Amino acid sequence: MKLHSLITLSLAVSVLVTPALAQKSGKDVYGKTCAVCHATGIAGAPKYGNAGDWSPRIAGGTGRLYGSALKGTPKGMPAKGGNPSYSDAEVKAAVDYMLAAVKTAAKPTATPPQNPVAKEEPKPEPKVATSTPKVDKAEPTPTAAAAMAEAVPVGDVNAFNRLLKPLGKRNPPPPEDGIHDPANDGTHALLPPLTAYAGLPKSLAGNRVNWVEAIGTKKINPRWDRTDPKAEPVVMDLNIVREVKGSMPDVVYPHKQHTEWLDCSNCHPAIFVPQKGANAISMAAILLGEKCGVCHGKVAFPVSECRLCHSKKKDLARPAQAAASVAK
Ligand code: HEC
Ligand code: HEC
Ligand code: HEC
Ligand code: HEC
């Protein structure tokens with residue numbers, strides 16, 4: 001069984017690498033954090049167990065992959081999967097765990113040269129098998145790797161998520177942003193964002209402006225009603241805590257920061273039934289642009305900012321840690 005061998009493999013690896021430390025195994029870290037995106041390949045993440053998704057990336061070397069996992073990438077891989085409490089070794093173990101899945105899956109097709117299907121396959125796997133006949137060396141040669149990268153192009157990821165765009169492509173002038181009509185003279189009269197945002201409080205994500213602070217410190221004073229300059233928002237200060245299973249901190253949804261900008265009807269009832277706990281919200285839905293993702297990643301800070309939403313430490317954290325130290 002494939003699943004069985006994966007589990008035994010990861011157990012063997014973690015026993016070898018982590019003699020007695022309370023380090024989380026690659027499998028644990030993967031299951032708790034990385035799987036949110038990598039299990040289904042959401043937001044362009046290379047999918048767990050999918051050799052096609054991984055081979056062009058593996059071609060650049062395992063060291064490069066460790067680097068991406070630890071520091072994140074501009075195309076949406078958050079540093080340490082968004083959980084800075086993991087040690088570097090734990091994140092690397094999770095990368096190894098994901099790589100093991102594609103290597104074990106790839107072996108059966110790459111090993112037997114007598115495989116009759118291999119001839120008709122346009123994939124470059126057979127080349128790899130002939131140039132490196134030893135089975136234990138799964139790393140492809142540079143030329144085969146280049147061929148693979150060509151054969152399996154990495155798609156334009158996160159097309160739906162414009163606040164996760166690579167740095168250089170953020171905040172283009174209005175005629176080039178794909179939102180405003182370049183044929184309309186009015187578009188050319190608009191201030192380019194980089195000019196308009198000068199002097200506003202900065203953030204490290206999205207369009208680089210901390211909008212919550214901008215409105216809180218009165219750096220901006222958006223008009224609530226287009227026609228009535230005196231209209232004021234109905235600000236409601238009500239936090240809703242959503243408990244999250246697993247190791248991520250719980251989510252605090254703040255009505256205050258939302259109702260300073262948004263009318264109740266922006267969310268109720270079309271996106272959320274106004275009743276605590278009545279809505280099924282998941283990270284998968286958010287990443288697909290539903291629920292909180294209707295706005296976050298499009299017009300509000302992107303999903304890479306895990307801590308802004310997952311802001312409440314679990315009450316259980318202490319007893320759980322105590323139990324863990326007793327166990328060892
Ligand atoms: C919020 C979604 C998300 C989470 C959570 C996440 N990833 Fe990723 N990951 C991505 C995306 C999107 C990419 C593709 C980004 C790219 O091509 O630069 C990616 C790419 C990668 C890559 C390949 C990077 C490269 O340079 O080719 C590795 C390795 C990786 N992730 C490891 C991890 C590990 C380990 C975890 C858990 C600790 C994790 N990821 C959690 C979204 C995620
Ligand atoms: C940005 C989206 C958004 C806006 C705008 C918004 N809400 Fe909510 N509201 C939510 C979410 C999310 C919940 C929690 C739903 C859940 O837990 O399933 C919620 C819950 C509620 C609840 C249930 C509270 C409880 O304890 O059961 C009420 C009442 C409510 N909202 C009223 C309002 C009113 C009044 C406004 C406008 C002044 C408003 N909301 C604006 C997203 C919003
Ligand atoms: C209708 C659009 C919309 C929806 C839906 C929405 N948000 Fe927001 N959210 C915003 C905007 C706009 C801001 C303020 C601008 C920003 O921070 O980017 C904001 C700000 C926040 C903040 C404040 C961060 C800070 O710096 O204080 C949190 C936390 C947050 N959202 C969480 C959530 C969660 C959790 C959900 C889903 C339950 C959700 N939001 C759904 C539009 C939305
Ligand atoms: C815009 C707010 C927001 C951001 C940003 C965010 N989350 Fe979530 N997350 C949520 C909400 C809401 C839930 C659902 C909680 C519940 O079950 O009610 C959730 C649930 C989860 C869960 C539980 C399993 C699931 O899919 O429901 C995990 C794990 C998780 N988030 C990880 C992350 C990671 C890792 C990041 C950063 C890469 C992140 N989240 C960023 C709002 C957010």
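In the block above lies the structure referred to throughout.
Owing to the predicted nature of the structure, the values given are computational and were not obtained by experimental measurement. (Residues numbered from 1 in each chain as written. Chains lettered and ligands numbered in written order. Predicted model: local features only at pLDDT ≥ 70, side-chain atom pairs only at ≥ 80, totals over all residues. Heavy atoms only, no water.)

Colleague: Whenever I open this one, the site of ligand 2 confuses me. Can you help?
Modeller: The local shell around ligand 2 holds 21 residues, among which His255, Cys264, Cys267, His268 and Asn279 are the closest. A distance of 2.7 Å separates a nitrogen atom of ligand 2 from a polar side-chain atom of His268. Between ligand 2 and the protein, one listed contact pairs an oxygen atom with a backbone N or O atom of Gln275 at 3.3 Å. Elements represented by at least two residues in the shell around ligand 2 include exactly β1 (239-242) and α12 (255-259). Sorting elements by how many residues they give to the shell around ligand 2 places α12 first, with three residues. Looking at the shell around ligand 2 residue by residue, the class counts come to 11 nonpolar, seven polar and three charged. (Near = heavy atom within 4 Å. Polar contact = N/O pair within 3.5 Å; in protein donor to acceptor, adjacent residues only side chain to side chain. Helix = DSSP H or I, 4+ residues; strand = E, 2+ residues; numbered from the N terminus. Nonpolar A, V, L, I, M, F, W, Y, C, P; charged D, E, K, R; others polar.)

Colleague: Just to check I follow, could you spell out unusual backbone geometry for this structure?
Modeller: The bulk of non-glycine residues show a negative phi, and the bulk of peptide bonds are trans. A cis amide bond links His268 with the next residue in sequence, Pro269, at an omega value of -5 degrees. By the secondary structure assignment, Pro269 is in the loop between α12 and α13 (283-287). Look at Lys80: it is not a glycine, yet its phi comes out positive at around 50 degrees. Assignment of secondary structure puts Lys80 in the loop between α4 (62-71) and α5 (88-110). Its identity is not glycine, yet Lys291 carries a phi of approximately 50 degrees, on the positive side. Residue placement: Lys291 occurs in the loop between α13 and α14 (306-309). Looking at Lys291, the relative accessible area reads 24%, which means it is partly exposed. (Buried < 20%, exposed > 50% of the residue type's maximum accessible area, 1.4 Å probe, protein only.)

Colleague: So what exactly am I meant to see when it comes to the coordination of the iron atom of ligand 2 here?
Modeller: Metal coordination angles have textbook ideals: 109.5 degrees for a tetrahedral set of four donors and 90 or 180 degrees for an octahedral set of six. Looking at the iron atom of ligand 2, one finds its protein donor set to be His255 (NE2) and His268 (NE2), positioned 1.9 to 2.0 Å from the metal centre. Taken together, the six donor atoms surrounding the iron atom of ligand 2 define angles of 86 to 179 degrees at the centre, an arrangement classified as octahedral. Highlighted residues: His255 in helix α12 and His268 in the loop between α12 and α13, separated in sequence by 13 residues. Among the residues examined, His255 registers a relative accessible area of 9% and is labelled buried. Taking relative accessible area as the criterion, His268 reaches 26% and is therefore assigned partly exposed. (Donors = N, O, S within 2.8 Å, 3.2 Å for Na, K, Ca; no water. Tetrahedral: all angles 85-135°; square planar, octahedral: opposite > 155°, others 65-115°.)

Colleague: Looking at this structure, how should I read the site of ligand 4?
Modeller: Around ligand 4 lies a shell of 20 residues, among which Arg242, Met283, Cys306, Cys309 and His310 are the nearest. Between ligand 4 and the protein, one listed contact pairs an oxygen atom with a backbone N or O atom of Met283 at 3.2 Å. A distance of 2.8 Å is found between a nitrogen atom of ligand 4 and a side-chain nitrogen or oxygen belonging to His310. Secondary structure elements with two or more residues in the shell around ligand 4: α2 (26-38), α13 and α14. Taken together, domain 1 (2-151) and domain 2 (195-309) each give at least three residues to the shell around ligand 4, which thus spans both. (Domains from an automatic or database assignment.)

Colleague: Explain the coordination of the iron atom of ligand 3 here, please?
Modeller: Around the iron atom of ligand 3, the donor atoms from the protein are His258 (NE2) and His296 (NE2), and they sit 1.9 to 2.0 Å away. Note that the iron atom of ligand 3 binds six donor atoms; their angles at the metal cover 86 to 179 degrees, and the shape is octahedral. Of this pair, His258 sits in helix α12 while His296 sits in the loop between α13 and α14; the two residues are 38 residues apart in sequence, bridging distant segments of the chain. Under the relative-accessibility criterion, His258 is labelled buried at 19%.

Colleague: Could you clarify how one ought to interpret the nonpolar core in this entry?
Modeller: Tyr30, Cys34, Tyr48, Trp54, Ile58, Met98 and Leu99 are the most contacted members of the largest nonpolar core, which totals 19 residues. For this core, the element with the highest residue contribution is α5, accounting for eight residues. (Core = buried A, V, L, I, M, F, W, Y, C linked by side-chain atoms within 4.5 Å.)

Colleague: Explanation requested: the packing of aromatic side chains in the structure shown.
Modeller: What describes a pair of aromatic rings is the distance from one ring centre to the other and the angle between the planes of the rings. Going through the model one piece at a time under the given rule, you end up with five aromatic pairs. Measuring from ring centre to ring centre gives 5.4 Å for Tyr30 and Tyr97, while their planes differ by 45 degrees; the resulting arrangement is tilted. Of this pair, Tyr30 sits in helix α2 while Tyr97 sits in helix α5, and the two are 67 residues apart along the sequence. Assigned by exposure class, Tyr30 and Tyr97 land together as buried. Three or more aromatic residues link up through ring pairs in this structure, and these residues are Tyr30, Tyr48 and Tyr97. (Phe/Tyr/Trp six-rings, centres within 6.5 Å; stacked < 30°, edge-to-face > 60°.)

Colleague: Would you explain the environment of Tyr97 in this entry?
Modeller: The exposure class assigned to Tyr97 is buried, which follows from its relative accessible area of 11%. Each C-alpha atom, one on Tyr97 and one on Lys27, is 6.1 Å from the other, the two residues being 70 residues apart in sequence.

Colleague: Sorry, what's going on with the pattern of salt bridges here?
Modeller: Side-chain pairing between opposite charges can occur once the charged atoms of the two side chains come close. Applying the stated criterion across every chain yields a total of three salt bridges. A salt bridge links Asp250 to Lys314; its shortest N-O distance comes to 3.6 Å. Here Asp250, found in the loop between β1 and β2 (251-254), pairs with Lys314, found in the loop between α14 and α15 (317-327); they are 64 residues apart in sequence, far enough to count as distant. Put simply, Glu260 and Lys256 hold a salt bridge, and the shortest N to O gap is 3.5 Å. Its relative accessible area of 34% is what places Lys256 among the partly exposed residues. (Salt bridge = Lys/Arg side-chain N within 4 Å of Asp/Glu carboxyl O.)

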